[in-house]
Amino acid sequence: MEDLIYENMDMPGSVLRIEKSSIFDGDGLRTVVFMKGCPLRCWWCSTPESHHKEIQTTLDKKITYGRIMTVEEVLVEVRKDIPFYFHSGGGMTISGGEILTQPEFVYHLLHRASWEGINTCIETSFYGGWDKIEPILSSTDTAFVDIKVMDPKAHKQYVGVDNEVILSNIRRAGARKGGTKLIIRSPLIPGVNDSETDLKLLGGFLAKLPGVDHLQLLPYHRLGTDTYRKLGLTYQLPDARTPSQEYMERCARITGKYVKTII
């Protein structure tokens, strides 16, 4: 398979890292390709090393984040795990950063993997043009799409961009006829997007989208905070803490009045 010549196999992309045997990024065991570059600046982001498309080093020059890889070089690594996909129902997941920062590279990677029979999954904010998203969905089995904050003003404050294009793209994807399973993820950030009003807005929005398979509510975590220090960056939620199980159940009860399936 590796010796076959195909279109755009030598296209370069900026890859943060490739992780093996993940069980949190789709069905089965996944090989997760993390891309570099993201236009969002979420205050709680756990991967600040993915913000910029360029290769980065820590202040002490001891750690380098990212490397340039071609589509084929990535797939060489992905194919090594095919036996695990077969037994677990897994496959390849492309995450970020934001994958729409490098849409052509992501499309060709997904298209080739799908052609080779590898299950494909993406993790994205949908912050990008629909003309870039639709081709990607055509080669994607499952799409995890984040809704960070429903309130436009709060989204601009805590995420750094307007959420109109995100919600518009989710509506279009929810109405789209195709084989892609659409799953919405919402990270619950204490004091940012977890009020009863916030949760009702989220539930009400999703209730109008029959194409959404289910909603995942994700608890805030502090993973990645040390990376900010290594890069000389300031973490903007220093006092936030991981919520309790009771907190998560409360949030699920509110959104559960609108969304049938919550995980």
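It should be noted that the structure appears before, not after, this text.
Everything quoted here is computed from the prediction, not taken from an experiment.

Rules used in this analysis
- Residues numbered from 1 in each chain as written.
- Predicted model: local features only at pLDDT ≥ 70, side-chain atom pairs only at ≥ 80, totals over all residues.
- Heavy atoms only, no water.
- Axes fitted to C-alpha atoms, helices over the stretch in contact; angles between N-to-C directions.
- Helix = DSSP H or I, 4+ residues; strand = E, 2+ residues; numbered from the N terminus.
- Left-handed = near helix turned anticlockwise from the far one by under 90°.
- Contact = heavy atoms within 4.5 Å.
- Nonpolar A, V, L, I, M, F, W, Y, C, P; charged D, E, K, R; others polar.
- 1 Å grid on protein atoms, 1.4 Å probe; cavity = no way out; pocket = protein on both sides within 12 Å on 5 of 7 lines; lining within 4 Å.
- Points joined across faces, edges and corners; volume = space filled by probe spheres on them.

(A) Examining the packing of helix 4 (residues 130–138) against helix 6 (residues 164–175) more closely. As a packed pair, helix 4 and helix 6 sit with axes 11 Å apart at the nearest point and diverge in direction by 35°. Regarding helix 4 and helix 6, the two cross each other, and that crossing is right-handed. On helix 6, the residues that touch Trp130, Ile133 and Leu137 of helix 4 are Asn169, Arg172 and Ala173. A breakdown of the residues in the contact of helix 4 with helix 6 according to their chemical character gives four nonpolar, one polar and one charged.

(B) Broad picture of the layout of surface pockets. Empty space within the largest pocket amounts to approximately 1100 Å³. For the lining of the largest pocket, the secondary structure elements donating two or more residues are strand 1 (12–22), strand 7 (119–124), strand 8 (142–146), strand 9 (181–188) and strand 10 (212–219). Of the residues belonging to the lining of the largest pocket, the class tally is 14 nonpolar, 13 polar and nine charged. In this structure, the second largest pocket encloses a volume near 220 Å³. Taken together, 14 residues form the lining of the second largest pocket, with Pro48, His51, His52, Tyr228 and Leu233 sitting closest to its centre. Of all the secondary-structure elements, those providing two or more residues to the lining of the second largest pocket are strand 3 (56–57) and helix 8 (225–231). A class-by-class count of the residues in the lining of the second largest pocket yields seven nonpolar, six polar and one charged.

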